[in-house]
Amino acid sequence: MPLSRCVALLLLLAALAARAQGLPPEVEAALARGGLPAEAVTVLVADAEGALPPRVSHRTDVAVNPASIAKLATTVAALELLGPAFTWRTGVYLDGPVRDGTLHGDLYLKGGGDPKLVAERLWLLLRRVQGLGIRFIAGDIVLDRGAFEAAAADPAAFDGEPLRPYNAAPDALLVNFRSLVLTFTPQAGQARVHLEPPLAGVRIPSTVPLSRVACGDWRGGLKPDFSEPARIRLAGAYPAACGERAWPLAYADPAAFAGRAIAGTWHEIGGRLGGRVRDGSVPAGLAPAFEWHSPSLAEIVRDLNKYSNNVMAQQVFLTLSLQQQGTGTLEGSREILRRWWRDRVATSDVPTFGNGSGLSREERISARQLGALLQAAWRSPLMPELLSSLPLAGVDGTMRRVRGDAVGLAHLKTGSLRDVAGAAGFVHGASGRRYVLVAIANHPQAAAIRPAIETLVEWTARDR
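To start, this report covers the structure provided alongside it.

## Notes on the overall build of the chain
- Secondary structure summary: the chain contains 12 helices and 21 strands in total.
- Its C-alpha atoms give the chain a radius of gyration of 25 Å, within 12% of the compact-globule value 23 Å for 464 residues.
- A principal-axis box enclosing the C-alpha atoms of the chain has dimensions of 85 × 60 × 35 Å.
- A sequence separation of at least 24 residues applies to 70% of the contacts in the chain between residues at least 6 apart.
- Carbon together with sulfur atoms contributes 52% to the accessible area of the chain, which is approximately 20,000 Å² in total.
- Taken as two groups, the 50 positive and 43 negative side-chain charges of the chain have centres that lie 4 Å from each other.

## Comments concerning the pairing of strand 11 (residues 207-211)
- Here 3 bridges tie strand 10 (residues 190-196) to strand 11, and the two strands are oriented antiparallel to one another. Within the sheet, the bridge partner assigned to Ala191 lies in strand 11 and is Val208.
- Two strands pair when backbone bridges link them, and strand 11 and strand 14 (residues 238-239) are joined in this way by 2 bridges, in the parallel orientation. Note on strand 14: the bridge partner recorded for Leu210 is Tyr238.

## Topic: the sheet that holds strand 6 (residues 106-110)
- In space, the 5 strands of this open sheet follow the order 17-8-6-3-18, with mixed pairing throughout. Each edge of the open sheet is held by one strand with a lone partner, namely strand 17 (277-279) and strand 18 (290-293). The sheet shows a mean angle of 25° between the axes of neighbouring strands, taken without regard to direction.
- Looking at chain direction, strand 6 and strand 8 (residues 141-144) are connected through 4 bridges and run parallel. Among the inter-strand pairings, Tyr108 is bridged to a residue of strand 8, identified as Val142.
- On top of the sheet, helix 4 (residues 119-130) reaches strand 3 (89-95), strand 6 and strand 18; it is set at about 165° to strand 18, its chief contact.
- Contacting strand 6, strand 8 and strand 17, helix 6 (residues 254-268) runs over the sheet at an angle of about 140° to strand 8.

Cut-offs applied
- Residues numbered from 1 in each chain as written.
- Predicted model: local features only at pLDDT ≥ 70, side-chain atom pairs only at ≥ 80, totals over all residues.
- Heavy atoms only, no water.
- Helix = DSSP H or I, 4+ residues; strand = E, 2+ residues; numbered from the N terminus.
- Rg over C-alpha atoms; globule rule 2.2 N^0.38 Å.
- Contact = heavy atoms within 4.5 Å.
- Areas by Shrake-Rupley, 256 points an atom, 1.4 Å probe, with all protein chains shown as cover.
- Lys, Arg positive; Asp, Glu negative; His and termini not counted.
- Charge placed at Lys NZ, Arg CZ, Asp CG, Glu CD.
- Pairing = 2+ DSSP bridges.
- Axes fitted to C-alpha atoms, helices over the stretch in contact; angles between N-to-C directions.

Here's what the structure looks like:
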């Protein structure tokens, strides 16, 4: 390289290093407007290739709670350790002969951790069972959940909101995220109520009265009572002004959800059951009649990151140890993730991992560590799979509400808990260069960082 070019490059590097002393003034102003002190945030803007000094480096060695940004470590590790084409398998076993439309014995469903055995895919699985010539199961439907370590889970433990779908716990046989959807459709003076998926033994009102009030707190106006898992009561009315609305809910008795959904769907498609739905284990030596495959990991990761699905992230996390150790356990997956981090990201200074989703008060990671993870992901052959899974600013997922000049300029994974908010991912510079961006606040006013993040994206993109 000619001496003049070497000197120019050194001057450029020195200039960039000098510019990385603190936050851009417009970002500081955005934080001030939100009442969020700069001492409560950690910010990094750095070249995605890692070839240049950071443009912004503010408190980057402080370990913070990342909330759902923790899903980045889970998904990057899963793509590399499992492969983007990896699929989960749900085994279907027949313990008895099939004659004249009847299975003379039990039907076993062995869960393999499928994160997306949603209502429509459960319907297809059971239709495949009927394709074996089965209309009546004389015995039981037995659910084998042994692929994941059984652990007691209180859905109210994290934040006292047990009916929020984001608090659903993982399950080797996870059906529809352990969640139901109530849909309200105004129709001829009343609102029709539809439950999806159908839950055997659960009663709901078929209609509720319409009201003429504004569509404000329409859920509260229904005066719901979920205290009895087998009966959902709605003592109020539904505002006609709301039009059709859907209300997703975690089921009040999570352990019973899969059994009720499977029995309800089996009945809905014309199947009959002589016995009951119960938990159990597939008999040793019994071969599967067929295996039901999930969508690929690359597709799962897209849903997981775009919409920040906690239980899907935990399913993926537990699958790391399921594949390597035979059973999915939290500590097994943590150790696999720590080992992967040392091999791929940094040999020391490993973050504190939780359950893979970020729904944790103990998880800790610094902006510098997140930056190193994103730079490693950028250099990976699997970078396109990760990048396409991240919400695009102003377009989709959890970043869809972004407005202004930041639209379309960044793929960012967001995170939000009480006292935690932030984003991390990639920004596309006007010069054609790509940057990793990390911005996280741990503070009672953490949500005030969001306008500052949009400002930071715009500043980062203006790199000419």
